[in-house]
Amino acid sequence: MKKILVTGGAGFIGGNFIHYMLRDYPGVSLVCLDALTYAGDLETLAAAFKNPDFKFVKGSITDRKLVFDLFEAEKFDAVVNFAAESHVDRSIENPAVFLQTNILGTQVLLDACNRFAVPRYHQVSTDEVYGDLPLDRPELMFTEATPLHTSSPYSASKASADLLTQAYHRTFGTPVTISRCSNNYGPYQFPEKLIPLMIAKASAGQPLPVYGEGLNVRDWLYVEDHCRAIAMILFGGTVGEVYNIGGHNERANIEVVKTILRQLGKGEELITFVKDRPGHDRRYAIDPKKIGDELGWQPQTLFDEGIERTISWYVNNESWWQNILSGRYQTFTPEAFR
Ligand code: NAD
Ligand code: TYD
């Protein structure tokens with residue numbers, strides 16, 4: 001696998017994946033296709049722009065002509081699709097763009113893979129396609145056999161993309177793999193998601209909006225562990241298979257928020273309980289046995305270590321997220337980083 005298309009690489013996980021691959025897989029070249037929506041930030045890729053094995057193309061995965069022209073010109077060995085609308089709250093406000101990007105964009109990429117006989121398409125999916133688990137049954141976890149049962153327009157659009165990906169494999173023989181990961185955290189996460197939002201608010205001494213009673217549980221995975229799992233699936237996974245990715249790091253939201261306040265030396269009086277998210281999933285928990293048994297993947301970063309590293313990263317890289325809060329990030333061009 002020499003040339004890989006990474007869609008959505010100016011976002012959180014795609015950006016981390018690009019840095020991870022350029023560091024740990026010498027000889028592989030990467031093309032990033034990103035529409036630079038509100039969630040895309042070229043500064044996330046600043047170091048990659050200096051690497052001759054990296055190329056950036058601005059464009060949408062829903063733009064069939066642009067995508068087909070790119071596939072024809074580049075002759076990819078693999079496609080990893082991170083590009084998506086990814087925030088549940090935005091999907092409640094405005095579902096349409098989630099269906100456009102997450103479902104129809106996936107279809108365009110699958111069609112291009114068929115047309116240009118790309119040897120591997122990897123769909124980056126989420127544990128949210130399984131719906132949620134009750135809080136009082138800690139023994140229950142999502143396996144790859146758990147039925148899809150979605151709650152939000154976001155998770156419904158991701159599940160639709162998964163079904164389409166599997167249908168292309170069965171009908172056309174498209175060589176696909178799918179991964180379903182739990183909540184990620186780490187450097188370069190957009191400050192609308194729980195952890196970076198709370199770090200930004202706490203740093204500014206502003207109220208921290210915790211939905212409901214803060215008892216919803218998420219299963220947190222350090223982003224680099226996710227990136228390594230995807231690389232292992234790309235190079236060693238079985239075509240047609242789904243792999244769950246998670247590290248048994250379940251935490252109630254309120255615990256996460258208190259950890260952030262503690263490390264930043266701020267008081268818990270900043271916590272403000274606000275109206276709950278409609279349809280709020282109670283608990284996610286991934287059973288990662290299959291990827292461990294088949295590919296030997298294991299998470300390397302425990303939550304306590306990862307959250308400390310992440311908070312320190314946000315403290316030491318405040319200009320990165322201040323450029324987002326001020327809107328300056330939307331004026332950046334690739335030339336500024338070359
Ligand atoms: P993100 O919102 O940080 O980044 C998304 C990126 O996709 C942005 O750079 C954006 O500009 C780009 N994009 C959006 N629409 C596009 C389009 N039409 N064409 C091209 N690019 C487009 O998202 P993230 O948190 O990095 O998530 C990446 C993927 O991982 C998503 O598919 C998401 O569903 C999945 N996922 C995320 C998590 C998580 O905890 N964040 C967990 C599991 C799975
Ligand atoms: P989020 O980071 O949006 O990820 P997801 O909804 O995909 O799991 O939210 C993580 C959890 O934090 C979720 O239970 C909702 C909660 N939350 C808050 O309590 N306050 C907030 O301001 C946000 C953004 C999330």
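The structure displayed is predicted, hence computed values, not measured ones.

Cut-off values and rules
Residues numbered from 1 in each chain as written. Chains lettered and ligands numbered in written order. Predicted model: local features only at pLDDT ≥ 70, side-chain atom pairs only at ≥ 80, totals over all residues. Heavy atoms only, no water. Near = heavy atom within 4 Å. Polar contact = N/O pair within 3.5 Å; in protein donor to acceptor, adjacent residues only side chain to side chain. Areas by Shrake-Rupley, 256 points an atom, 1.4 Å probe, with all protein chains shown as cover. Helix = DSSP H or I, 4+ residues; strand = E, 2+ residues; numbered from the N terminus. Nonpolar A, V, L, I, M, F, W, Y, C, P; charged D, E, K, R; others polar. Expected span 1.5 Å × (residues − 1). Buried < 20%, exposed > 50% of the residue type's maximum accessible area, 1.4 Å probe, protein only. Phe/Tyr/Trp six-rings, centres within 6.5 Å; stacked < 30°, edge-to-face > 60°. Lys NZ or Arg CZ within 6 Å of the ring centre and 35° of its normal. Salt bridge = Lys/Arg side-chain N within 4 Å of Asp/Glu carboxyl O. Contact = heavy atoms within 4.5 Å. Pairing = 2+ DSSP bridges.

Undergrad: So what exactly am I meant to see when it comes to the site of ligand 2 here?
TA: Not every one of the 18 residues close to ligand 2 is listed here, only the nearest: Glu-128, Pro-209, Arg-218, Arg-277 and His-280. Side-chain polar atom of Asn-183 to an oxygen atom of ligand 2: 2.9 Å apart, as the coordinates give it. The side chain of Arg-277 places a nitrogen or oxygen atom 2.5 Å from an oxygen atom of ligand 2. Protein chains bury 96% of the 510 Å² of accessible surface belonging to ligand 2 in isolation. For the shell around ligand 2, the elements supplying multiple residues, two or more each, are helix 6 (194-203) and strand 8 (208-211). Of the residues contributing to the shell around ligand 2, the split by class is 8 nonpolar, 5 polar and 5 charged.

Undergrad: Sorry if this is basic, but what is going on with helix 7 (residues 223-236) here?
TA: Two residues of an α-helix separated by three or four positions point the same way, owing to the 3.6 residues in each turn. The end-to-end C-alpha separation of helix 7 is 20 Å, in line with the 20 Å expected for 14 residues at 1.5 Å each. With 10 of 14 residues buried, helix 7 is to be regarded as a mostly interior element. Listing the buried residues of helix 7 in full gives Val-223, Asp-225, His-226, Cys-227, Arg-228, Ala-229, Ile-230, Ala-231, Ile-233 and Leu-234.

Undergrad: How should I be thinking about the packing of aromatic side chains in this particular structure?
TA: The geometry of an aromatic ring pair comes down to the distance between the two centres and the angle between the two planes. In total, this model carries 24 aromatic pairs according to the counting rule given. On the numbers, 6.4 Å between centres and 80 degrees between planes, the contact of Phe-98 with Tyr-154 is edge-to-face. Separated by 56 residues along the polypeptide, Phe-98 in helix 4 (residues 96-115) and Tyr-154 in helix 5 (residues 153-172) bring together distant segments of the chain. Assessed through its relative accessible area of 1%, Phe-98 is described here as buried. Of the aromatic side chains, those joined through ring pairs into one cluster are Phe-49, Phe-54, Phe-56, Phe-332 and Phe-337. Between the NZ or CZ atom of Arg-90 and the centre of the ring of Tyr-38, over which it lies, the distance is 3.4 Å. Directly above the aromatic system of Phe-116 lies the positively charged group of Arg-115, at a separation of 4.7 Å from the ring centroid.

Undergrad: I'm lost on the pattern of salt bridges in this one. Help?
TA: For side chains of opposite charge, pairing can occur when their charged atoms come near one another. Under the defined criterion, the tally for this structure stands at 19 salt bridges. Note that Arg-228 is salt-bridged to Asp-225, the shortest N-O span being 2.3 Å. Of the two residues, Arg-228 and Asp-225 both sit in helix 7, 3 residues apart, roughly one turn of that helix. Across the pair Glu-250 and Arg-283 runs a salt bridge, and its minimum N-O distance is 2.7 Å. Here Glu-250 is found in strand 11 (residues 250-252), whereas its partner Arg-283 is found in the loop between strand 12 (271-274) and helix 9 (289-295), with 33 residues between them in sequence. Note on Arg-283: relative accessible area 2%, which makes it buried. Three or more residues joined by partner-sharing salt bridges are found here, namely Lys-3, Lys-55 and Glu-74.

Undergrad: Mind showing me how you'd approach the environment of Ser-157 here?
TA: Within the secondary structure, Ser-157 is located in helix 5. For Ser-157, a relative accessible area of 1% gives the class buried. Here Ser-157 is in contact with Phe-98, Leu-99, Asn-102 and Ile-103, once residues within four sequence places are set aside.

Undergrad: How do you make sense of the pairing of strand 4 (residues 78-81) when you look at a structure like this?
TA: Consecutive residues of a regular strand have side chains that alternate between opposite faces of the sheet. Burial along strand 4 is two-sided: Ala-78 and Val-80 facing one way and Val-79 and Asn-81 facing the other are all buried. Relative to strand 4, strand 1 (residues 3-7) runs parallel, the two being bridged by 4 bridges. Bridging from a neighbouring strand, Val-6 pairs with Val-80 of strand 4. Bridge count for strand 4 against strand 5 (residues 121-126) is 3 bridges, and the pairing is parallel.

Undergrad: Looking at this model, I keep getting lost on the site of ligand 1. Mind explaining?
TA: Neighbouring ligand 1 are 28 residues, the closest being Ile-13, Asp-34, Ser-86, Tyr-154 and Lys-158. In the environment of ligand 1, an oxygen atom lies 2.8 Å from a nitrogen or oxygen atom belonging to the backbone of Asn-184. Alone, ligand 1 offers 830 Å² of accessible surface; in the complex the protein occludes 96% of this. Residue assignment for the shell around ligand 1 shows that the elements contributing at least two residues are helix 1 (12-24), strand 5, helix 5 and strand 7 (183-185).

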